[in-house]
Amino acid sequence: MARVVLTPPFGTRFFGGRDHLDIDAGNVFALVRALDGLAPGFADEAGSRAAIAVNGTAITAWDTRLNADSEVLFVLRIAGG
Amino acid sequence: MNAPENPSRFRIVGTRPVRPDGIDKVTGKAIYSPDFAAPGMIHGAILRSPHAHARIRGINTRKAEALPGVKAVITGRDFPTVESLEVSLGEGSGNILHTSRNCMALEKALYHGHAVAAVAATSEAIARAALALIEVDYEVLPHVITVAEAQAPGAPIIHDTVFTSGLDETPITPSNTSSRFVIADGDPDAALAASAVVVEASFSTQPVHQCYIEPHGCVASFNADGQAQIWASSQGAFMIRDLTASILGLRQADIRVTPLEIGGGFGGKTTVYLEPVAMLLSRKAGRPVRIMMTRDEVFRASGPAPGTEATVRIGAAADGTLTGAIIEFTSRGGAFPGADVHPSAMHALAHYRVPARRVTGWEVVTNTASTAAYRAPGAPQTVFPVECCMDELATRLGMDPIELRLKNAVRPGDKGLNHLPLGAVGFVECLEAAKAHPHYTAPLGPNQGRGIAGGSWANYGGPSTVELSVADDGSVLVVTGSPDIGGSRASMAMMAAETLGLPYEAVRVTIADTSSIGVSMATAGSRTTFATGRAVVDAAKEVIAALRDRAANIWGAAPSGVEWRDGAAHCLTGDNAGQSLSIAQIAGRAGQFSGQVSSVVSVTSPDYLPGFAVHICDTELDPETGHLRVVRYTAVQDVGRAIHPDYVEGQLQGGSAQGIGWALSEAYSFNSAGEVENAGFLDYRMPVCSDLPMIDTVMVEVPNPGHPYGVKGVGEVPIVPPLAAVAIAASHAAGVPLRHLPLSPDKVYAALQSRN
Amino acid sequence: MSKILVSATVNGDAQQFLCEPGDSLLDALRTQLQLTGAKEGCGSGDCGACTVILDGRMVCSCLVFAAEAEGRIVATIEGVADGSVLHPVQTKFLEHAALQCGFCTPGFIVAAKALLEHNPDPTESEVRYWLAGNLCRCTGYDKIVRAVMDAGAQLRQEQRPASERTTA
């Protein structure tokens, strides 16, 4: 089970204020699909507003492989002006 | 030129060559948005609401359409219906429906100056005359300009579709309070209760405009087969294309956007105001249409950055170690949600180790122009109160303000604002450099005060595409999609030349239209030298590999036996060992291979690093009038590595000047009808040359290991510390805390009177 | 409404153009003569991006009626360089990186050249007050002031007899 770490506002808005979940998924696409199944709308929100890190490293490719001890972090993206 | 030259680790990186687009720009040849003309072009003008809040019951355009010379008239009804949709536009995200409605009102005009109709005619004068013939039936509604008005019981609700987001329970009634964003860590209440010293104070900043000198402008041309062109100045041609396509329901590949030179943006040109309007007019008229905003329109209908009211409580142990902080702030978001509340909250304390914190940000919509990004969007508004409180903490603890900051500064390995361990960040190095700078210990004159302040900005990566090709004579072409706002053609050419081992002048850089190169996110977020620069270097490396292969083929040697050095292939093994082939000699034999050597590289780089800065400011107060003047200013910043130091210094100086303006003189004035009273440069007072001293810069170089030359974004950080640096200096000069910006003479004079 | 025919000397050339009575000199330069170097940043004389020289005087061309140029001598940014040879103010703007976006630059260069013709050896304060009518949002003015002072130094050097010149 990969550990999903949710920072504001993802946890509050979609998962009743939880800051983490454990999900079985082979890559980030599968993980986001699973999360969207639990909280419809999460996938769109993650696609447009989230920066994602796997095991402490920021990633941009959602086909990044996950395993049982992966930690996947969702944080609001800041792009700037 | 006031910093030492880079040590000679590189041939070109760190030197200061003349920018390749320089001569065009000092001779008046460069083509900015008002300078471009398409054959057969006609002129558009926009009718704007004379009310701050009004329902549009109907618009009668018949008289305008009948005016000779008028070719098209449009209203909000000409815009296709778009869903409320958050889309990823590379700039974080945006709501297409709001962007569309901001281009032109439909049901309601939401601020004085909101577009309600537009005309295209054979001359600008006829277009403007036609505007006067459009009859709009308004039902004037009560309006709200300030946060207090917007949140007052019984306040008119601007959007019946906006419900406060981010609350524990989703509300069932719409509200002008559009969102709440909370960051919480530990138990800050307990931490503050146990602190040796707690500083608590309230602060405010005003909305300010980006004040690029070039007003918004574009030319749009729509053909009957659905293919269209736009010529516009913006921070991102792809952003213009994608937003226009989404709003108008066109295919992205059908819109070709040619980026013209851009006359400043600072975040304010990361959205569309005119392009969809000009496109609809062009579709109706069958002719290319130009629209240029006047300065009055720029002030009323574009920008600004949100203003913020904040209350900060921050505590420290007796030795100065920060214990906890509670911050609550409210940002004035303008007509549509989307103010920078989350970056405000995330940056407030991002430069310090604070074990327990709760930062709560609220966004409130008002009947004022919709906010737009402005340099480090959101950060100055919350770092200002935090830094002022840090200064008060230092005073209360009897500590040197830099020592207090050093004690609490974030270091590599600490958790950053994205919850990941910080990489090679240089805040400590900046503080040390500030402490060692002669400015910090220089004596002050009468009525002078000194302030120091720090701050950070996350920076960004994002997608960039570069094509690099070698002409037959060995000269090199680099094509990017990143508009050059402040010298990026020079830095791209420098990085390519450095990598290829060629002279700077052998590489020429073109900013291409959206149909001629793959996608690049806008020149924004301090990303271009980092992300597009990385694509340039990667492309150059691919080209070197291809050139080595060709040389190896020519020599009959193994590619591993060929070294690339000083712009030439050198044979290390075999019969030809010791021989070399220059880039021109290899490129000239393109016909003997599969054509020219070229490489197209698309990157999305997540390994950007935040930037940190420390500014030192001396202000002098005229106690008779309350007028403040900045008399000395030093900006210290970790820049990663400066590719072209002049343009890095220029970012530090320009950002500092903008921050000084925010602190001292810039603000909107609204009358009781909700109309901006100072929609011009005479009355909206951005700093002029005689307002400022020289701005000394210190470039601290802690290279970013995630970039081939160590680049970190530099453009946005420098606007983060100045608000506090100026206000702290002014407070020391005045002997009374000055916490509400701008520090205009009347406000400062009143504070002096209350002190006495 | 009939148009007005205006004859003027622009950058040394005799020029004729038609204008409406309400057109500004800036409009005429930009649209009739295709001299788009002067920019409109405000249209109200506050930003200086449209600065030109009219009969030797520095003006905001957005505040001058095009018809007022009749019989007069106009100099714009396009006439600052001598053919392909840049004026020292232009060269120093490039050497000092005194521009970022470049939109205000033509106005600054025309104004700075006028300053140095009027006062060949200005102090920093004199430069700052002379240029106070030209707005720049990018640079914080630091490098602009340095470029203008350096251009002044070069012009003073060039104007001295060859025997007195120091070699840099």
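Residues numbered from 1 in each chain as written. Chains lettered and ligands numbered in written order. Predicted model: local features only at pLDDT ≥ 70, side-chain atom pairs only at ≥ 80, totals over all residues.

**Points about the sheet that holds strand 3 (residues 70–75) of chain B**
Residues and elements named next belong to chain B. Here 7 strands make up an open sheet; going across it, the order is 3-7-1-14-11-12-13 and the pairing mixed. The sheet is open, and its two edges are formed by strand 3 and strand 13 (255–259), each paired on a single side. Adjacent strand axes in the sheet meet at a mean angle of 20° when their direction is disregarded. Against the sheet, helix 4 (residues 124–131) touches strand 1 (42–48), strand 3 and strand 7 (115–121), its axis set at about 30° to strand 1. Where helix 7 (residues 237–248) meets the sheet, it contacts strand 12 (228–232) and strand 13, and its direction lies at approximately 150° from that of strand 13. (Pairing = 2+ DSSP bridges. Helix = DSSP H or I, 4+ residues; strand = E, 2+ residues; numbered from the N terminus. Axes fitted to C-alpha atoms, helices over the stretch in contact; angles between N-to-C directions. Contact = placed C-beta atoms within 7 Å.)

**Section: the interface of chain A and chain B**
Contacts between chain A and chain B engage 23 residues on the former and 37 residues on the latter. Listing elements by their share of the side of chain A that touches chain B, those giving two or more residues are helix 3 (42–49), strand 3 (50–54), strand 4 (57–59) and strand 5 (71–76) of chain A. The element that contributes the greatest number of residues to the side of chain A that touches chain B is helix 3 of chain A, accounting for 4 residues.

**Quick word on the nonpolar core**
In terms of nonpolar packing, the biggest core is built from 325 residues, with Val-277, Val-478, Ala-496, Val-536, Val-726, Ala-727 and Ala-730 of chain B touching the most fellow members. Ranked by the residues each element gives to this core, the list is headed by helix 16 (residues 528–555) of chain B, at 11 residues. (Core = buried A, V, L, I, M, F, W, Y, C linked by C-beta atoms within 7 Å. Buried ≥ 20, exposed ≤ 12 C-beta atoms within 10 Å, placed from the backbone.)

**Side note on the sheet that holds strand 16 (residues 322–334) of chain B**
Residues and elements named next belong to chain B. Reading across from one edge, 9-17-16-15-10 is the order of the 5 strands in this open sheet, with mixed pairing throughout. The open sheet has two edge strands, strand 9 (177–185) and strand 10 (197–205), and neither has a second partner. For this sheet the average axis-to-axis angle between neighbouring strands, irrespective of direction, equals 10°.

**Some remarks on unusual backbone geometry**
Residues Pro-8 of chain A and Pro-9 of chain A are joined by a peptide bond in cis, for which omega reads 0°. Position of Pro-9 of chain A among the secondary structure elements: in the loop between strand 1 (2–6) and helix 1 (10–14). Cis geometry is adopted by the peptide bond preceding Pro-304 of chain B, which originates at Gly-303 of chain B and carries an omega value of -15°. With phi around 60°, Cys-211 of chain B is a residue other than glycine that occupies positive phi space. Here Cys-211 of chain B shows up in the loop between strand 10 and strand 11 (217–222). Here Ser-526 of chain B, not a glycine, exhibits a phi torsion of approximately 55°, which is positive. You can see Ser-526 of chain B is positioned in the loop between strand 21 (507–511) and helix 16. Accessibility expressed as a C-beta count within 10 Å gives 28 for Ser-526 of chain B, which makes it buried.

**Some thoughts on the confidence of the model for chain A**
Reading predicted coordinates in detail is not appropriate for stretches of low pLDDT. Taken residue by residue, chain A gives an average pLDDT of 91. The fraction at 70 or more is 100%. Mean pLDDT per element in chain A: helix 1 of chain A is the minimum at 87, and helix 2 (residues 28–38) of chain A is the maximum at 95. (pLDDT = per-residue confidence, 0-100.)

**A word on the arrangement of the chains**
The top pair by number of contacts, from a total of 2 pairs of chains in contact, is chains B and C. One finds no contact linking chain A with chain C; the least C-alpha distance across the pair is 14 Å.

**Observations concerning the packing of helix 15 (residues 488–500) of chain B against helix 16 of chain B**
Residue and element names in this part refer to chain B. Two elements in contact, helix 15 and helix 16, have axes separated by 9 Å at closest approach and are oriented at 30°. By the criterion of interaxial angle, the relationship of helix 15 to helix 16 is roughly parallel. The handedness of the crossing between helix 15 and helix 16 comes out as right-handed. Side by side, helix 15 and helix 16 meet where Ser-488, Ser-491, Met-492, Met-495, Ala-496, Thr-499 and Leu-500 of the first sit next to Thr-528, Thr-529, Thr-532, Gly-533, Val-536, Val-537, Ala-540, Lys-541 and Ile-544 of the second. For the contact of helix 15 with helix 16, the residue count by class is 8 nonpolar, 7 polar and 1 charged. (Parallel < 35°, antiparallel > 145°, perpendicular 65-115°, else oblique. Left-handed = near helix turned anticlockwise from the far one by under 90°. Nonpolar A, V, L, I, M, F, W, Y, C, P; charged D, E, K, R; others polar.)

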